[in-house]
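# Chain and residue survey
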Amino acid sequence: MAMRIGIPAAAPTRTITAVTSMLWEDLVNNPKKELGAGDFINRKKIQCAEKMIRGAFVELYRGLGLLKTYSSLNMVAFTKILKKFDKVSNQQASASYLKVVKRSHFISSDKVVRLMDDVESIFTKHFANNDRKKAMKFLKPQQQKESHMVTFFVGLLTGCFVSLFSLYAILAHLAGIFKPNSERSYVETVYPVFSVFTLLSFHLFMYGCNLFMWKGTRINYNFIFEFQPSTALKYRDAFLICTTFMTSVVAAMVIHLLLRASGFSPNHVDAIPGILLLIFIFVLICPFDIFYRPTRYCFIRIIRNIVCSPFYKVLMVDFFMADQLTSQIPLLRHMGSATCYFLAGSFKTHRYETCKSGRLYRELAYVISFLPYYWRAMQCARRWFDESDLNHLANMGKYVSAMVAAGARITYGRQENHLWFGIVLVTSVFSTVYQLYWDFVKDWGLLNSKSKNLWLRDNLILNNKSMYYMSIVLNIVLRVAWVETVMGFRFNMVESRMLDFLLASLEVIRRGHWNFYRLENEHLNNVGKFRAVKAVPLPFRETDSDG
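Residues numbered from 1 in each chain as written. Predicted model: local features only at pLDDT ≥ 70, side-chain atom pairs only at ≥ 80, totals over all residues. Heavy atoms only, no water.

### As for the UniProt feature "transmembrane region" (unreviewed entry) in the protein
In the numbering used here, UniProt assigns the feature "transmembrane region" (unreviewed entry) to residues 150-171, 191-214, 235-259, 271-292, 419-438 and 467-489. Across residues 235-259 one finds 100% helix and 0% strand; the C-alpha atoms that close the span lie 36 Å apart. Strand forms 0% of residues 419-438 and helix 100%; the C-alpha atoms that close the span are 29 Å apart. (UniProt positions renumbered as here; feature names shortened; annotations may be inferred. Helix = DSSP H or I, 4+ residues; strand = E, 2+ residues; numbered from the N terminus.)

### Quick look at the state of the cysteines
Inspection of every chain in the model, using the stated rule, returns zero disulfides. Not engaged in a disulfide, the cysteine C209 finds its nearest cysteine sulfur in C242; these two sulfurs lie 8.7 Å apart. (Disulfide = S-S within 2.5 Å.)

### Structural notes on the pattern of salt bridges
All told, the structure shown has twelve salt bridges when counted by the stated rule. The partner of D439 in a salt bridge is R479, and the shortest N-O contact between them spans 2.9 Å. Placement of the pair is D439 in helix α20 (residues 418-443) and R479 in helix α21 (residues 466-479), with a sequence separation of 40 residues. The partner of R510 in a salt bridge is D439, and the shortest N-O contact between them spans 3.7 Å. Of this pair, R510 sits in helix α22 (residues 493-526) while D439 sits in helix α20, and the two are 71 residues apart along the sequence. Given the relative accessible area of 0%, R510 is considered buried. (Salt bridge = Lys/Arg side-chain N within 4 Å of Asp/Glu carboxyl O. Buried < 20%, exposed > 50% of the residue type's maximum accessible area, 1.4 Å probe, protein only.)

### Things to note about α21
Structural remark: α-helix, 3.6 residues per turn; residues separated by three or four positions point the same way. Over its 14 residues, α21 extends 20 Å from the first C-alpha to the last, a length consistent with the 20 Å expected when each residue adds 1.5 Å. For α21, every residue scored as buried is listed here: Y468, S471, I472, N475, L478 and R479. Viewed along the axis of α21, the buried residues span an arc of 140 degrees, placing them on a single side of the element. Turned more than 90 degrees from where α21 packs its buried face, M470, V473 and V477 sit exposed. On its buried face, α21 is in contact with α20 and α22. (Expected span 1.5 Å × (residues − 1). Arc of directions from axis to C-beta. Contact = heavy atoms within 4.5 Å.)

Right, dumping it as structure tokens:
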């Protein structure tokens, strides 16, 4: 029966084997280790084993449910085919065929149903204290119903954002904020914090677009990322968070300008961005079950895994988020700058040299530029250690080359001479070519000369093949945006800030664009590769990627 089921049987077998091996190793290595009255096995490992077995039972139950649904769908499809045949051929042959089909073992067998009942009984007894209602919450989690209220608030907040942004643009023009001879305090103190929220909101917007496209093309992102369908973020939720952030940020910007124009002390008014940053941090770590707590805690857990990359097994969602961070280096720089200003009290004294010309700041600029690439390289090293696949070392080389290129560009910005210009040119070109190759060949699975689709891959989700060629060109153009940093153009402070923000926004667009094709390739070719307990990939697409 396990061979017939195929889909769910592998996961529980491997889980039980892994748990048995883990506990036996603990018994052999620590036979006299006592943690309590008569306990010889590490309690932490027992809890881990229980969690793995519980997960395997849930996987088995859901797999059996999918197999049952698969049988029913095939029966319905066969019935419709026969009806269509009767209609076209003017015959009544469906009745005799259906009798044979209904007597077949595939349709008449009740083994799957009995297995599901057995799993329910065992799970209820051992993992839910004989509480069947509690057990079914694990085995059959209730799907969240689509709420029109979310759509309503997305529209409402979008309208508020557009109105407030228009008001801000008018007020900023009247106050001369963005003129070349404007006050330096706004650009140095206020801009970095507001830029952080804007880039973060823009990234959330692109992620919402990704969720919408993945759902529309039936890419099972919940399965790939191992998200719980009942709590996973949907595209409407992503848009709601994005519009909420942007409306709050623009409202704070308007209030800031109005208070400045009303004559309030800049020492107090310039603290508004810092207050907004503290509110965001409080909401992120808020322990109450509000504001998408499962998503917030999942985000914090993933960031922890990224920061401690060599010490955690790398899952798909971990390296996917780490790749997002490599596209948000400007955001991290602004966060470092804003933190320095507010902790050092520069927003009160307006002494900007503290966070600009100091030796610590110059070294911190290198650290911030290197960290996302370093984390990603450490993930590649950990995967090579776990899987002994040399491709991971080659992937690590890509991020090391990006670190070298980023460091060369920062140094060239401080020492503009022909030597460093040559170093920047060589390192940046090498890194860009390396990254483009990995984008197209490894991450997207394209540029296959033997594919039945010219220079693409055999399996494609989008029907319009020209989209893939356009995406290749767009990715190349956005990858070479670094050229602006070595062109030698001279800008005043405001123009330089605006240009930096534009380039950062283009990189966010490139990353959102990359996300879709990366997960498409994962869905078609590599699904299941990153799961903690490897399961056999589903041989069909889900009809509803929200769960």
